[in-house]
Amino acid sequence: MINKISELSDLIGKEVKIESWVLNIRRQGKKLCFLSLYDGTAELQATVKLNNVGEDNFAITNDIYRGASVSLIGTVVEDTRSVGGIELQVSKVHIIHPSLETFDQEITPESGADVRLTKRHIVIRGPKSASVLRLKSHVIKYLREYFYSRGLEEVVPPLIVEAQAEGGSELFEIKYFDTHAYLTQSSQLYLEAAIYSLRDVFCILPSFRAEKSRTRRHLAEYTHVETEHAYMDFSGLLDFLEDMIIHVITQVRKYDSDILELWERKLDIPEKPFPRVNYNDALKILKENYDIDIPHGEDISDAPERQLVEHFGKPIILQNFPKKMKPFYHKIDPDDPNITKSADFLFPICGELIGCGERETDIDSMLKRMGQMNPPVDPEHYYWYLDLRRYGSVPHSGFGMGLERLVQWLLDLEHIRDTTLFPRTLNRLSP
Ligand code: 4AD
């Protein structure tokens, strides 16, 4: 039986067999050698002594370089100085697949950001980089757990689409047989159709944005977490979202404290309700306190957005956006026809984490706004979406959240690209 390193602290005093990669090798004289190991679950220090393994087996250690895969048999002993508080006293060494001396030059402490991205397949072998991917995996689990506990069903809408959902300039166009198509920016419109089938739905799928942004929070391909809820109004949605954020943070604090420690991150659970800030008031706050003048109806860009969050010192919900700023699907507030029932959740570090709102159900109002969009939206492409308003529409709401931004915030990471296996950005398509 092969043991994973993460299981070994329960096996002190026992003989085990592990299979792992060598992070580092330190030889001390001709009789002692220390191996730092990482097997994709945890790190471990192993001690190979000539006296324990015999001369022939000890000689194998001369052929071990960083990056090699090895299998080791040994006894787990307690050692408070070692990572994980245990050490493996090795009785047999076997090289599964050797590495090369050149591994050392692949990535060095001097390697800059570009080299690290080119060598991302090497970088992710390091336990600290891997911990981000592990947290991301866990966060997906916590989100799914929350959605199912609230009765949502997971659906898988197409990623190849005929028309835009968000904004014309941000689409990746692709060849599609003898015509052309686009990579989706959001599955929202399809989720809206799916509520008629399953009532409350979610998806966790890639979205693509051809934004020429070079910021620390933009990717050309990101993981979009989206939901849509039948019979849910705007305030019900905000409540659902606050609970979702609190659930994720609670689980991360409970099950991923080792990762938080590694990144020296202290995470507080935000109190409900998160502060609600009206768009108009946000402009006033920015003008009066920071001399930032944003014309009414324009987007609050990166830097002022950060300023706003800093002003409140915690995540905020920016709401009541003017109609002219928002796509045609946002519901007009019946009490004020100039604003939409929509909001953005703004967080420190990652800025806008969630975009959400109640959906327009009035077909005439929607058709009018489609024509007013820049560029105008062709209703023909949306015949099916408009049908949703023809046949028994109901109040409904939903949101979209960038999973990578959530992970970036959870670990206070400087750059969003560190949250992805192989980032796609303006300048990067490989590996
Ligand atoms: O605000 P957005 O554009 O909203 C929509 O796409 C809606 N249709 C979603 C919905 O209601 N179902 O995008 C939603 C979220 C943003 O708040 C942000 O977290 C993330 O998607 N996002 C990005 N993340 C990384 N890189 C990018 N280029 C992103 N663009 C948006």
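Residues numbered from 1 in each chain as written. Predicted model: local features only at pLDDT ≥ 70, side-chain atom pairs only at ≥ 80, totals over all residues. Heavy atoms only, no water.

Draft legend 1. The overall build of the protein, seen in detail. A count of helices and strands for the protein gives 14 helices and 18 strands. Here the C-alpha coordinates of the protein stretch approximately 85 × 55 × 40 Å along the principal axes. By residue count, 49% of the 431 residues in the protein fall in the buried class. Considering only contacts within the protein whose residues lie at least 6 apart along the sequence, 65% involve residues at least 24 apart. (Helix = DSSP H or I, 4+ residues; strand = E, 2+ residues; numbered from the N terminus. Buried < 20%, exposed > 50% of the residue type's maximum accessible area, 1.4 Å probe, protein only. Contact = heavy atoms within 4.5 Å.)

Draft legend 2. Geometry of the environment of Ile294. Here Ile294 lies in the loop between helix H10 (279–290) and helix H11 (302–312). Residue classification places Ile294 among the buried positions, given a relative accessible area of 13%. Separated by eleven residues in sequence, Ile294 and Leu283 have C-alpha atoms that sit 6.5 Å apart. Setting aside residues no more than four positions away along its own chain, Ile294 makes contact with Leu283, Leu286, Asp299, Ile300 and Pro304.

Draft legend 3. Looking closely at helix H13 (residues 383–390). Where H13 is concerned, the buried positions are Tyr385, Leu386, Leu388 and Arg389. Projected down its long axis, H13 carries its buried residues within an arc of 140°, all on one side. Among the structural elements, helix H7 (188–198), helix H12 (363–372) and strand E18 (396–402) are those in contact with the buried residues of H13. (Arc of directions from axis to C-beta.)

Draft legend 4. View of the nonpolar core. Counting 44 residues, the largest nonpolar core has Phe147, Met244, Ile354, Phe399 and Leu410 as the members making the most contacts within it. The biggest single contributor to this core is helix H8 (residues 234–255), with eleven residues. Not counting residues up to four positions away in its chain, the partners in contact with Phe399 are Phe147, Val225, Glu226, Thr227, Phe240, Leu241, Met244, Ile354, Gly355, Cys356 and Arg359. Core analysis: the second largest hydrophobic core is formed by 25 residues, Ile18, Leu44, Ala68 and Val90 among them. (Core = buried A, V, L, I, M, F, W, Y, C linked by side-chain atoms within 4.5 Å.)

Draft legend 5. Region of interest: the pairing of strand E9 (residues 179–183). Inspection of the sheet shows strand E7 (residues 160–161) paired to E9 by two bridges, in the antiparallel sense. Within the sheet, the bridge partner assigned to Ile160 lies in E9 and is Leu183. With five bridges joining them, strand E8 (residues 172–176) and E9 adopt antiparallel strand pairing. Across the sheet, residue Lys175 finds its bridge partner in E9, namely His180. Connecting the antiparallel pair E8 and E9 is a turn made up of two residues, with Phe177 showing a positive phi of about 50°. (Pairing = 2+ DSSP bridges.)

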